[in-house]
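The chain contents come next:
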Amino acid sequence: MIQGFLIFFLAACFYLYDFILQVAPSVMATPMMQAFNITAGGFGVISAFYFYAYAPMQLPAGVLYDRYGPRRVMTVAVFICALGALFFAVAESVFTAAIARFMIGFGSAFSFVGVLTLISRWFPPHYFAVLAGIAQLMSSVGAIFGEAPLAFLIQLTDWRSASFILSIMGFVLVILFWLCIRDFP
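Residues numbered from 1 in each chain as written. Predicted model: local features only at pLDDT ≥ 70, side-chain atom pairs only at ≥ 80, totals over all residues. Heavy atoms only, no water.

Engineer: Sorry, what's going on with helix α6 (residues 128–145) here?
Structural biologist: Helical periodicity: at 3.6 residues per turn, an α-helix aligns residues three or four positions apart in one direction. Between its terminal C-alpha atoms α6 stretches 26 Å, which fits the 26 Å expected from 18 residues at 1.5 Å a residue. Taken as a whole, α6 has its buried residues at Leu 131, Ala 132, Ala 135, Met 138, Ser 139 and Gly 142. Around the axis of α6, the buried residues are gathered within 105° of arc, so they sit on the same side. In α6, the exposed residues that point more than 90 degrees away from the buried face are Ala 129, Val 130, Leu 137 and Ile 144. Looking at the buried residues of α6, the elements they touch are α1 (2–36) and α5 (111–122). (Helix = DSSP H or I, 4+ residues; strand = E, 2+ residues; numbered from the N terminus. Expected span 1.5 Å × (residues − 1). Buried < 20%, exposed > 50% of the residue type's maximum accessible area, 1.4 Å probe, protein only. Arc of directions from axis to C-beta. Contact = heavy atoms within 4.5 Å.)

Engineer: What am I meant to see in the side chain of Asp 18 here?
Structural biologist: Examined against the element boundaries, Asp 18 turns out to sit in helix α1. A polar contact of 3.3 Å, which involves the side chain of Asp 18, links it to the side chain of Ser 108. Side chain to side chain, Asp 18 and Ser 111 meet in a polar contact 2.8 Å long. With residues up to four places along the chain from it excluded, the contact list for Asp 18 reads Tyr 50, Tyr 54, Ser 108 and Ser 111. (Polar contact = N/O pair within 3.5 Å; in protein donor to acceptor, adjacent residues only side chain to side chain.)

Engineer: Which parts of the structure should I look at to understand α5?
Structural biologist: The terminal C-alpha atoms of α5 lie 17 Å apart, and with twelve residues this matches the ideal 16 Å at 1.5 Å per residue to within 8%. Taken across its twelve residues, α5 has nine buried, putting it largely inside the fold. Three or more residues of α5 are buried, namely Ser 111, Val 113, Gly 114, Val 115, Thr 117, Leu 118, Ile 119, Arg 121 and Trp 122. Where the residues of α5 are buried, they touch α1, α2 (40–68), α3 (70–90), α4 (94–108) and α6.

Engineer: Sorry, what's going on with the packing of aromatic side chains here?
Structural biologist: Think of a pair of aromatic rings as described by two things: how far the centres are apart, and how the planes are tilted against each other in angle. Under the defined criterion, the tally for this structure stands at 14 aromatic pairs. Ring centres 5.4 Å apart and planes at 65° place the aromatic pair Phe 88 and Trp 159 in the edge-to-face group. Taken as a pair, Phe 88 in helix α3 and Trp 159 in helix α8 (residues 159–180) lie far apart in primary sequence, 71 residues in all. For the pair Phe 88 and Trp 159, one class covers both residues: buried. Taken together, the ring pairs connect Phe 5, Phe 123 and Tyr 127 into an aromatic cluster. (Phe/Tyr/Trp six-rings, centres within 6.5 Å; stacked < 30°, edge-to-face > 60°.)

Engineer: Can you walk me through unusual backbone geometry in this structure?
Structural biologist: Glycine aside, a negative phi is what most residues show, and trans is what most peptide bonds show. Even without glycine at this site, Asn 37 takes up a positive phi of about 55°. You can see Asn 37 is positioned in the loop between α1 and α2.

Engineer: Please clarify how empty space enclosed by the protein should be interpreted in this entry.
Structural biologist: Rolled over the atoms, a probe sized like a water molecule indicates the empty space that remains. In this structure the tally under the stated criterion is one cavity of 30 Å³ or more. Here the largest cavity is characterised by a volume of approximately 60 Å³. Lining the largest cavity, in full, are Leu 21, Ala 24, Pro 25, Met 28, Ala 85, Phe 88, Arg 101, Ile 104, Ser 163 and Leu 166. Residues of the lining of the largest cavity, tallied by class, amount to eight nonpolar, one polar and one charged. (1 Å grid on protein atoms, 1.4 Å probe; cavity = no way out; pocket = protein on both sides within 12 Å on 5 of 7 lines; lining within 4 Å. Points joined across faces, edges and corners; volume = space filled by probe spheres on them. Nonpolar A, V, L, I, M, F, W, Y, C, P; charged D, E, K, R; others polar.)

Listed below in structure tokens is the structure:
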């Protein structure tokens, strides 16, 4: 049972990470607009690319989890998020920043479905609602970290360095997922 809770916690950390990445541009708006020499409309386009990938990828996520298993799918999904955050940190144009946000949205689409898949495989049914609720709480914590704490980090460094740090966090999750996540008990 302890291994199940560790696996659940790691999967919920992906959902937390997803929400940090999702809301991050909101605290990067002004420096990003200056860096890319764009208006709020251009900034909106960059931010929206996250959702252009996130929404449609919700559909095949469950099928991919059933076919390839949570360990492989979640590891690849977190890797895509981390790589997207890295590309975002080094983006020199609106196009590359938008593609990076698209990559982040693509990978993030697998976070919550992965948590639910692992809960259903590792725990008795009466745990499902409580653990799904805890995962939702983790996403809210991620949204909180993506606001004030991330804004503070950006003040200490800059938005590119903060994105780079978010990328490193993702790569750490990739390693932990590959080492710790198992598809079934």
